[in-house]
Amino acid sequence: MSHRLGVLIIAAALVPAAASGQEPDPAVVIGEVWRHEGEFRFSVTATGLFDEEAQRTIRQGGTTALDFTFELYRRRAGWFDTIVYTLPVPFSINYDAFDRTYRLFGRDIRLKTEDFDEIVTQCTQLEGVSMGLMEELGLDMNATYYLVVRVSYQPMTVKTINELRDWMTKPGNQTREQERSGRTSSGVGSRLARALMSAAGYGEVELHGESARFRPVDLPER
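My aim in this report is to walk through the structure given alongside it, one point at a time. Just so we're clear, the structure is a prediction, and the values are computed from it rather than from any experiment.

Residues Phe40, Phe50, Leu66, Phe68, Phe70 and Met131 are the most contacted members of the largest nonpolar core, which totals 44 residues. Top contributing element to this core by residue count: strand S4 (residues 82–96), with 6 residues.

Here's what the structure looks like:
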């Protein structure tokens with residue numbers, strides 16, 4: 001298979017979020033599947049992940065990770081389905097307190113903005129994910145396939161936790177008495193670090209979604 005296979009994410013159009021007094025439960029849905037100039041493409045939407053608490057964690061210095069894994073399966077009657085291709089699409093989000101902007105990092109995107117909703121839209125509403133050319137994927141146009149998406153959401157990454165732990169135990173952030181006793185600093189910064197660390201792991205989400213069965217020959221051309 002050619003190494004030219006990659007991911008193309010077309011930025012989703014920004015749409016105002018529906019006003020609601022309650023956050024929806026986290027969910028992920030695979031939408032339309034189509035062909036475009038020989039490429040196999042699809043859309044996916046994840047909802048209910050980024051609430052006010054998630055935004056607060058990011059603003060306080062945490063780095064949030066949202067990782068998609070897409071798997072394309074071929075249906076085999078009377079036997080185990082076989083996986084054709086796997087595509088990881090990772091995102092990370094943090095906050096730059098110096099210029100008060102959110103930053104989104106992905107495989108094919110670098111976004112810096114003051115608008116948190118824009119960040120969320122760009123990493124949860126993927127309108128044009130491409131697995132590459134159907135010919136390179138070796139798809140049988142008349143066989144039956146389906147997509148599976150797995151989503152891993154970490155409000156605070158392990159890297160952030162380790163950085164906070166290192167900062168808390170750094171000698172320069174402790175008084176001499178605390179260094180002798182082995183106790184960590186009780187300053188405002190250290191209290192914030194401990195609060196963030198205690199929240200680590202809370203809110204982690206694993207989601208799973210699956211598309212309808214389809215035959216490549218039946219897919220619409222867009």
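Spatially, S1-S2-S7 is the arrangement adopted by the 3 strands of the open sheet, whose pairing is antiparallel. In this open sheet, the two edge strands, each paired with only one partner strand, are strand S1 (27–36) and strand S7 (125–133). Looking at each pair of strands side by side, their axes are set apart by 25° on average, direction ignored. Examined bridge by bridge, S1 and strand S2 (residues 39–47) share 8 bridges and lie antiparallel to one another. Among the inter-strand pairings, Ala27 is bridged to a residue of S2, identified as Thr47.

Pairs can form between side chains of opposite charge whenever their charged atoms are close. Scanning the model with the defined rule gives 11 salt bridges in all. In this structure, Asp96 engages Arg103 in a salt bridge whose closest nitrogen and oxygen atoms are separated by 2.7 Å. Here Lys112 ties to Asp99 by a salt bridge, and the two come within 2.6 Å at their closest N and O atoms. Here Lys112, found in strand S6 (residues 110–113), pairs with Asp99, found in the loop between S4 and strand S5 (101–106); they are 13 residues apart in sequence, far enough to count as distant. By sharing partners, the salt bridges in this structure join Asp96, Asp99, Arg103 and Lys112 into a single network.

Reading the values: rules and limits
- Residues numbered from 1 in each chain as written.
- Predicted model: local features only at pLDDT ≥ 70, side-chain atom pairs only at ≥ 80, totals over all residues.
- Heavy atoms only, no water.
- Core = buried A, V, L, I, M, F, W, Y, C linked by side-chain atoms within 4.5 Å.
- Buried < 20%, exposed > 50% of the residue type's maximum accessible area, 1.4 Å probe, protein only.
- Helix = DSSP H or I, 4+ residues; strand = E, 2+ residues; numbered from the N terminus.
- Pairing = 2+ DSSP bridges.
- Axes fitted to C-alpha atoms, helices over the stretch in contact; angles between N-to-C directions.
- Salt bridge = Lys/Arg side-chain N within 4 Å of Asp/Glu carboxyl O.

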